[in-house]
Amino acid sequence: MERFSGNYIDCYEKVISVRQIYQMYRERKIVFPKVPLMRRYKKIERISEILEIILLGFTLPTVYVSERQDGSLLVLESEDRLRCLIGFLEGGYPVRGLEFYPELDECGIEQLEQQFPRRISWLYDYKFSFLIIEYTTPRYMHIQMGSYIERWNFTREQGIRNELYGEELERRLIYMEQRLWESPAFFSKVSLNRQYMVLRILMYHFTYTGDIQIGLGESLNIQQLLDCTAVLILEKDSHWLNDTADAFRKATGELLDWEQRPYFHLGLEKEKGKERQAKVLGYLYNVVWICQEKECEVQWGLERVIDDRMLWRDIESGKANMANIRTHFKMIEERLR
């Protein structure tokens, strides 16, 4: 009999006018993730581009949104077109440098409504196509969509994840990332990126310890593993949270000591917010914890693992899924005997 995965994204399309979108935003029925915003001049560029596209009658790309249990729609786009447009409608920005409508230069929404009411009517009547992912779809599939369609960076992905999983997950991740030793240079200064790295490191940890359980013959990809990790973090008590934050601090200190050695550096500072860094840190923090559990000297253990170039080539070239992670940890344990 043919076997086929049951994973599937339930979604439907809905066409909504700018007027309706703005009203929904004001009623908190459309929300945006809390991610770092672009600078003012970039917002003005984006707003001007969007407004000109709308006035010319072009069709903007489909907006992907997640339907939440309260019925609100979480916007998933990475280009922030809709967020910038709403910023313009709120009166915070002018338009500038329009190629086909120079007469609108430096006008804000109030000036446009007074001087060009017909064109502003076109703007409010313009319709966006929304592809709405139903709330019944597993949360990790909402994130997976971002990997396929939007190409999110880790910062935006974590901002979306915090909205989907709730404030408690964000609070716990912030608690742990803020207690990292001396704010090491190999971590980004952006809190959301640091939260993602903490989550990713714990993903490897829970996979190694067997806290993440699967059925016989099953395997999990990275978004499924991160989903399991988020759920486990939310289930843990305050003692675990404090102990884990302390474990992160101590392990970071060990890695900082290693990075000060003159003859070998991992170059992690160059990889902030990138997949290679996430993989490397995911294993190195766990190497420290494994050494501490086995009561062997941590710097010796790091040397044994880091010097194995074949192991790291395999780690960096392979996908971050459960099967590969388990294989890599078996190889690491062999190096630590």
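Located above this text is the structure these notes cover.
Residues numbered from 1 in each chain as written. Predicted model: local features only at pLDDT ≥ 70, side-chain atom pairs only at ≥ 80, totals over all residues. Heavy atoms only, no water.

Draft legend 1. The overall build of the protein chain, seen in detail. Looking only at helices and strands, one finds 15 helices and five strands in the protein chain. Each principal axis of the C-alpha distribution contributes one length, and for the protein chain these read about 75 × 55 × 40 Å. When each of the 337 residues of the protein chain is scored for burial, the buried share is 51%. Expressed as a percentage of contacts within the protein chain between residues at least 6 apart in sequence, the contacts between residues at least 24 apart total 74%. By element, 47% of the accessible surface of the protein chain is carried by carbon and sulfur atoms, the whole surface being about 17300 Å². Distance between charge centroids for the protein chain: 1 Å, based on 47 positive and 52 negative side chains. (Helix = DSSP H or I, 4+ residues; strand = E, 2+ residues; numbered from the N terminus. Buried < 20%, exposed > 50% of the residue type's maximum accessible area, 1.4 Å probe, protein only. Contact = heavy atoms within 4.5 Å. Areas by Shrake-Rupley, 256 points an atom, 1.4 Å probe, with all protein chains shown as cover. Lys, Arg positive; Asp, Glu negative; His and termini not counted. Charge placed at Lys NZ, Arg CZ, Asp CG, Glu CD.)

Draft legend 2. Representation of unusual backbone geometry in the model. Positive phi is not limited to glycine here, since arginine 28 has a value of about 65°. With respect to the element layout, arginine 28 can be found in the loop between α1 (18–26) and β2 (30–31). In this structure arginine 28 comes out as exposed when scored by relative accessible area, which is 56%. Of note in this structure, aspartate 80 is not a glycine but carries a positive phi near 55°. In this structure, aspartate 80 sits in the loop between β4 (73–75) and α3 (81–89).

Draft legend 3. Just the pattern of salt bridges, in detail. Enumeration according to the criterion identifies 19 salt bridges in this entry. With a shortest N-O distance of 3.6 Å, arginine 46 and glutamate 79 are connected by a salt bridge. A residue pair is termed long-range when its members are at least 10 positions apart, and arginine 46 in helix α2 (residues 40–56) and glutamate 79 in the loop between β4 and α3 qualify at 33 residues. Given a relative accessible area of 16%, arginine 46 falls into the buried group. A relative accessible area of 34% means that glutamate 79 is categorised as partly exposed. Several salt bridges converge on common partners, so that one network encompasses Glu168, Arg171 and Arg172. (Salt bridge = Lys/Arg side-chain N within 4 Å of Asp/Glu carboxyl O.)

Draft legend 4. Main features of the nonpolar core. Within the largest apolar cluster, 68 residues are counted, with the highest numbers of intra-cluster contacts made by Met176, Phe248, Tyr285 and Leu302. The greatest single-element share of this core, amounting to eleven residues, is contributed by helix α12 (residues 275–294). Those residues in contact with leucine 302, other than ones at most four positions away along the chain, are Glu254, Leu255, Trp258, Leu284, Val287, Val288 and Asp307. (Core = buried A, V, L, I, M, F, W, Y, C linked by side-chain atoms within 4.5 Å.)

Draft legend 5. Highlighting a nonpolar patch on the surface. The grouping of Leu56, Phe58 and Phe100 at the surface amounts to a nonpolar patch, some 320 Å² of accessible area in total. Tracing the backbone shows phenylalanine 100 in the loop between α3 and α4 (109–115). (Patch = residues over 30% accessible without salt bridge, like charges linked within 9 Å, V, L, I, M, F, W, Y side chains within 5 Å.)

Draft legend 6. A look at the environment of arginine 156. Along the polypeptide, arginine 156 turns up in helix α7 (residues 154–165). Given the relative accessible area of 10%, arginine 156 is considered buried. On a C-alpha basis, the gap between arginine 156 and leucine 192 in space is 7.7 Å, while along the polypeptide they are 36 residues apart. Arginine 156 has contacts with Val35, Glu77, Ser78 and Asp80, leaving out every residue within four places of it along the chain. Looking at arginine 156, its side chain comes within polar contact range of the side chain of aspartate 80, at 2.9 Å. (Polar contact = N/O pair within 3.5 Å; in protein donor to acceptor, adjacent residues only side chain to side chain.)

Draft legend 7. Broad picture of the side chain of threonine 244. Of note, threonine 244 is situated in helix α11 (residues 238–259). Judged by relative accessible area, threonine 244 falls into the buried class, the value being 9%. From its side chain, threonine 244 meets the backbone oxygen of tryptophan 240 in a polar contact 2.7 Å long. Those residues within four positions of threonine 244 in sequence are excluded, and the remaining contacts are Met176 and Leu202.

Draft legend 8. Molecular detail of the sheet that holds strand β5 (residues 127–133). Here five strands make up an open sheet; going across it, the order is β1-β5-β3-β4-β2 and the pairing mixed. Single-partner strands in this sheet number two, and they are β1 (11–17) and β2. Of the strand pairs in this sheet, strand β3 (residues 63–67) and β4 are connected by three bridges, and their pairing is antiparallel. Considered in β4, the bridge of serine 66 is made with leucine 74. (Pairing = 2+ DSSP bridges.)

Draft legend 9. The arrangement of the packing of α7 against helix α10 (residues 222–235) in detail. Orientation of α7 relative to α10, taken along the N-to-C sense of each, is 50°, at an axis distance of 12 Å. Here α7 lies oblique to α10, going by the angle between them. Seen along the crossing, α7 lies across α10 with a hand that is right-handed. Facing α7, whose interface residues are Glu157, Arg161 and Tyr165, α10 presents Gln223, Leu226, Asp227, Ala230 and Leu234. Class assignment for the residues of the contact of α7 with α10 results in four nonpolar, one polar and three charged. (Axes fitted to C-alpha atoms, helices over the stretch in contact; angles between N-to-C directions. Parallel < 35°, antiparallel > 145°, perpendicular 65-115°, else oblique. Left-handed = near helix turned anticlockwise from the far one by under 90°. Nonpolar A, V, L, I, M, F, W, Y, C, P; charged D, E, K, R; others polar.)

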